[in-house]
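# Understanding the architecture of this molecule
Spelled out from the first residue to the last, the chains are:
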Amino acid sequence: TTPHEDSIAKIRGVFSALPNNVEIRLVENRGRDVSALLTGAADVIDTYEYVAFYHDKKTLQVTPGTVGVSFAYKLSEGLLASKCFVENILYTFEANGRLGMLSPLPPNHGCYFNVMGNEWGCNYETAVKLAREFQLSVPIEREKPPIAPLGTVFWFRASAMRQLFAYNWQYSDFPPEPNGIDGTLLHAIERLYPFFAQEAGGVGGMREFAK
């Protein structure tokens, strides 16, 4: 997905070297990576058993810039390092029927070191409000950090996120640009992905996983 029409030809050229079936979608520049997944790609997610969600990562607010670049590098290496790496991820899902998602380790270098143990940050209240709206029964506590894909890059079993996608997200649900670097709806959803997976793995969710 891309919000820039003039980037489509470049993207198509890069991916033309691959044997994969690649579809390029023009999305609205609202909601960043979260809307690209929940809105831009929502209609195809359920046609797959497993999904890898990856996007470019810009952290222009970080100084020096190499710290932000290394964050992006760690995300890509933790998601799509090699063909063998991806095959191992798929095997891990196949071998563990209750596994709903896998994500790279959170960043722990440079300015990101302060995030360790403070993963909720200023997003706890918004996340709890959203969880209540979705009637999630999984316990959420401020004192217990979410085991979440910080950076919003992760693998997931499509059925594990069915409740989240069922909301029928629209671009208008997300805040317009310029967007904040923290404390927005996007950052709350980023921390709730694992709670949706855990909810789906409950008594009702296991029936979905067993299909």
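Report follows, based on the coordinates.

Criteria and cut-off values
- Residues numbered from 1 in each chain as written.
- Predicted model: local features only at pLDDT ≥ 70, side-chain atom pairs only at ≥ 80, totals over all residues.
- Heavy atoms only, no water.
- Salt bridge = Lys/Arg side-chain N within 4 Å of Asp/Glu carboxyl O.
- Helix = DSSP H or I, 4+ residues; strand = E, 2+ residues; numbered from the N terminus.
- Buried < 20%, exposed > 50% of the residue type's maximum accessible area, 1.4 Å probe, protein only.
- Phe/Tyr/Trp six-rings, centres within 6.5 Å; stacked < 30°, edge-to-face > 60°.

Scanning the entire structure with this criterion turns up eight salt bridges. Glu 133 is the salt-bridge partner of Lys 129, the closest N and O atoms lying 2.7 Å from each other. With Lys 129 and Glu 133 both in helix 6 (residues 124-133) and four residues apart, this pair spans about one turn of that helix. With respect to class, Lys 129 is no different from Glu 133; both count as exposed. Of the charged contacts, one joins Glu 190 and Arg 191 as a salt bridge, the two residues approaching to 3.0 Å between their closest N and O atoms. For the pair Glu 190 and Arg 191, one class covers both residues: buried.

Taken as a whole and judged by the stated rule, the model has 12 aromatic pairs. Measuring from ring centre to ring centre gives 6.0 Å for Trp 120 and Phe 195, while their planes differ by 25°; the resulting arrangement is stacked. Of the two residues, Trp 120 is situated in the loop between strand 2 (101-102) and helix 6 and Phe 195 in helix 8 (residues 185-200); the sequence distance between them amounts to 75 residues. Here Trp 120 and Phe 195 have matching classes, each one buried. Ring centres of Tyr 167 and Trp 169 lie 4.5 Å apart, and the angle between their planes is 55°; on these two criteria the pair is classed as tilted. Residue Tyr 167 is classed as partly exposed on the basis of its relative accessible area of 45%. For Trp 169, a relative accessible area of 5% corresponds to the buried category. Linked through ring pairs, Phe 53, Phe 154, Phe 156, Phe 165 and Tyr 193 together constitute an aromatic cluster.

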